[in-house]
Amino acid sequence: MSGIDGTEPRRPALPLHLAVHPGGDCRACGDQWPCETQRKVLVREYRDARSSLLIYLSLQMIEAMDYHPTSAAAELYARYLGWVPEADARSGVMPAMVQRKSGALDSRHGAHAA
(Lines give C-alpha, C1' and ligand atoms only; values in the text may rest on other atoms or scores of the structure.)
Protein backbone atom coordinates (compact mmCIF):
# COMPACT_ATOMS: atom_id res chain seq x y z
CA MET A 1 0.00 0.00 0.00
CA SER A 2 1.40 3.39 -1.01
CA GLY A 3 1.46 6.50 1.16
CA ILE A 4 0.00 9.85 0.13
CA ASP A 5 3.18 10.78 -1.73
CA GLY A 6 3.24 7.45 -3.61
CA THR A 7 6.11 5.95 -1.64
CA GLU A 8 5.96 2.77 0.35
CA PRO A 9 5.47 3.35 4.08
CA ARG A 10 8.50 2.42 6.21
CA ARG A 11 8.11 -0.69 8.27
CA PRO A 12 9.44 -0.56 11.80
CA ALA A 13 12.85 -2.18 12.06
CA LEU A 14 12.72 -5.62 13.64
CA PRO A 15 15.36 -6.37 16.26
CA LEU A 16 18.26 -8.36 14.87
CA HIS A 17 18.90 -11.53 16.83
CA LEU A 18 22.69 -11.31 16.85
CA ALA A 19 25.16 -12.21 19.57
CA VAL A 20 26.48 -9.41 21.75
CA HIS A 21 29.95 -10.94 21.24
CA PRO A 22 31.10 -14.39 20.08
CA GLY A 23 29.71 -16.86 22.55
CA GLY A 24 27.38 -14.27 24.00
CA ASP A 25 23.68 -13.94 24.42
CA CYS A 26 21.29 -12.58 21.80
CA ARG A 27 21.13 -8.80 21.99
CA ALA A 28 17.45 -8.77 20.97
CA CYS A 29 15.95 -11.35 23.37
CA GLY A 30 18.74 -12.19 25.85
CA ASP A 31 18.67 -15.94 25.20
CA GLN A 32 21.81 -17.89 24.35
CA TRP A 33 22.82 -17.26 20.75
CA PRO A 34 21.73 -18.67 18.41
CA CYS A 35 18.32 -18.10 19.98
CA GLU A 36 15.17 -19.78 18.65
CA THR A 37 14.36 -16.80 16.42
CA GLN A 38 17.86 -16.72 14.93
CA ARG A 39 17.79 -20.49 14.38
CA LYS A 40 14.67 -20.10 12.24
CA VAL A 41 16.31 -17.26 10.31
CA LEU A 42 19.49 -19.28 9.74
CA VAL A 43 17.62 -22.36 8.52
CA ARG A 44 15.57 -20.21 6.14
CA GLU A 45 18.68 -18.37 4.84
CA TYR A 46 20.76 -21.55 4.44
CA ARG A 47 17.88 -23.83 3.44
CA ASP A 48 19.69 -25.15 0.37
CA ALA A 49 23.18 -24.92 1.86
CA ARG A 50 23.33 -26.96 5.07
CA SER A 51 27.09 -27.47 4.77
CA SER A 52 27.64 -23.72 4.60
CA LEU A 53 25.46 -23.24 7.68
CA LEU A 54 27.47 -25.85 9.57
CA ILE A 55 30.75 -24.15 8.59
CA TYR A 56 29.41 -20.74 9.69
CA LEU A 57 28.18 -22.11 13.02
CA SER A 58 31.43 -24.04 13.55
CA LEU A 59 33.36 -20.78 13.21
CA GLN A 60 31.00 -19.13 15.70
CA MET A 61 31.55 -22.02 18.10
CA ILE A 62 35.34 -21.74 17.79
CA GLU A 63 35.14 -18.00 18.59
CA ALA A 64 32.86 -18.76 21.54
CA MET A 65 35.52 -21.06 22.98
CA ASP A 66 37.68 -17.97 23.65
CA TYR A 67 34.87 -16.48 25.76
CA HIS A 68 33.96 -19.76 27.48
CA PRO A 69 37.24 -21.72 27.83
CA THR A 70 35.87 -23.92 30.62
CA SER A 71 32.68 -24.93 28.77
CA ALA A 72 32.38 -28.58 27.84
CA ALA A 73 32.76 -29.35 24.15
CA ALA A 74 29.47 -31.26 24.16
CA GLU A 75 27.65 -28.21 25.56
CA LEU A 76 29.05 -25.91 22.87
CA TYR A 77 28.34 -28.49 20.17
CA ALA A 78 24.71 -28.75 21.27
CA ARG A 79 24.34 -24.97 21.37
CA TYR A 80 25.92 -24.24 17.99
CA LEU A 81 25.55 -27.36 15.85
CA GLY A 82 23.35 -29.97 17.50
CA TRP A 83 20.07 -28.27 16.61
CA VAL A 84 20.66 -27.99 12.83
CA PRO A 85 18.11 -30.20 11.03
CA GLU A 86 19.19 -32.91 8.63
CA ALA A 87 18.72 -32.14 4.95
CA ASP A 88 16.36 -34.22 2.85
CA ALA A 89 18.37 -37.03 1.24
CA ARG A 90 16.88 -36.47 -2.22
CA SER A 91 16.54 -32.70 -2.44
CA GLY A 92 19.32 -31.65 -0.07
CA VAL A 93 16.96 -29.07 1.46
CA MET A 94 16.56 -28.59 5.21
CA PRO A 95 13.00 -28.58 6.53
CA ALA A 96 11.66 -25.37 8.06
CA MET A 97 11.82 -24.99 11.83
CA VAL A 98 8.47 -24.95 13.62
CA GLN A 99 7.46 -24.14 17.19
CA ARG A 100 6.29 -27.13 19.22
CA LYS A 101 3.73 -26.82 22.02
CA SER A 102 6.56 -27.30 24.52
CA GLY A 103 8.14 -24.12 23.16
CA ALA A 104 11.17 -25.93 21.74
CA LEU A 105 12.04 -25.71 18.08
CA ASP A 106 11.96 -28.81 15.97
CA SER A 107 12.18 -29.52 12.28
CA ARG A 108 9.01 -30.48 10.44
CA HIS A 109 10.25 -34.05 10.31
CA GLY A 110 10.84 -34.12 14.08
CA ALA A 111 14.55 -34.77 13.69
CA HIS A 112 16.15 -32.42 16.22
CA ALA A 113 14.70 -30.68 19.25
CA ALA A 114 16.45 -27.62 20.60
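Structural data are supplied above this passage.
As a starting point, this report considers the structure included with it.

Definitions and cut-offs
Residues numbered from 1 in each chain as written. Predicted model: local features only at pLDDT ≥ 70, side-chain atom pairs only at ≥ 80, totals over all residues. Heavy atoms only, no water. Phe/Tyr/Trp six-rings, centres within 6.5 Å; stacked < 30°, edge-to-face > 60°. Helix = DSSP H or I, 4+ residues; strand = E, 2+ residues; numbered from the N terminus. Buried < 20%, exposed > 50% of the residue type's maximum accessible area, 1.4 Å probe, protein only. Arc of directions from axis to C-beta. Expected span 1.5 Å × (residues − 1). Contact = heavy atoms within 4.5 Å. Salt bridge = Lys/Arg side-chain N within 4 Å of Asp/Glu carboxyl O.

1. Things to note about the packing of aromatic side chains
Consideration 1: Considering all chains together, one arrives at three aromatic pairs under this definition.
Consideration 2: Where W33 meets Y80, the ring centres are 6.3 Å apart and the plane angle is 50°; that geometry is what we call tilted. Taken as a pair, W33 in the segment before α1 (36-45) and Y80 in helix α3 (residues 73-80) lie far apart in primary sequence, 47 residues in all. The exposure classification of W33 matches that of Y80, with both residues buried.

2. Remarks on α3
Consideration 1: Within α3, the full set of buried residues consists of L76, R79 and Y80. Burial along α3 is one-sided: seen end-on, the buried residues are contained in an arc of 80°.

3. Regarding helix α2 (residues 50-67)
Consideration 1: End to end, α2 covers 26 Å across 18 residues, agreeing with the expected 26 Å (1.5 Å per residue, within 8%).
Consideration 2: Taken residue by residue, α2 has R50, L53, L57, Q60, M61 and A64 as its buried positions. The buried residues of α2 occupy one face: seen down the axis, they fall within an arc of 105°. Exposed side chains of α2 directed beyond 90 degrees from the buried face belong to S51, I55 and D66.
Consideration 3: Looking at the buried residues of α2, the elements they touch are α1 and α3.

4. Considering the side chain of Q38
Consideration 1: Residue position: Q38 is located in helix α1.
Consideration 2: Judged by its relative accessible area of 9%, Q38 is buried.
Consideration 3: For Q38, the contacting residues outside a window of four places in its chain are H17 and W33.

5. Describing the pattern of salt bridges
Consideration 1: Taken as a whole and assessed by the stated rule, the structure comprises one salt bridge.
Consideration 2: A salt bridge links R50 to E86; the nearest nitrogen and oxygen atoms lie 3.6 Å apart. Of this pair, R50 sits in helix α2 while E86 sits in the loop between α3 and β1 (97-99), and the two are 36 residues apart along the sequence.
Consideration 3: Classification of R50 by relative accessible area gives buried; the value is 19%.
Consideration 4: What makes E86 partly exposed here is its relative accessible area of 44%.

6. Regarding the environment of A64
Consideration 1: As for its position among the elements, A64 is in helix α2.
Consideration 2: Since its relative accessible area comes to 0%, A64 is described here as buried.
Consideration 3: Ignoring any residue separated from it by four or fewer positions in sequence, one finds A64 in contact with P22, G23 and Y80.

Geometric descriptors of this kind do not, in isolation, establish any biological role.
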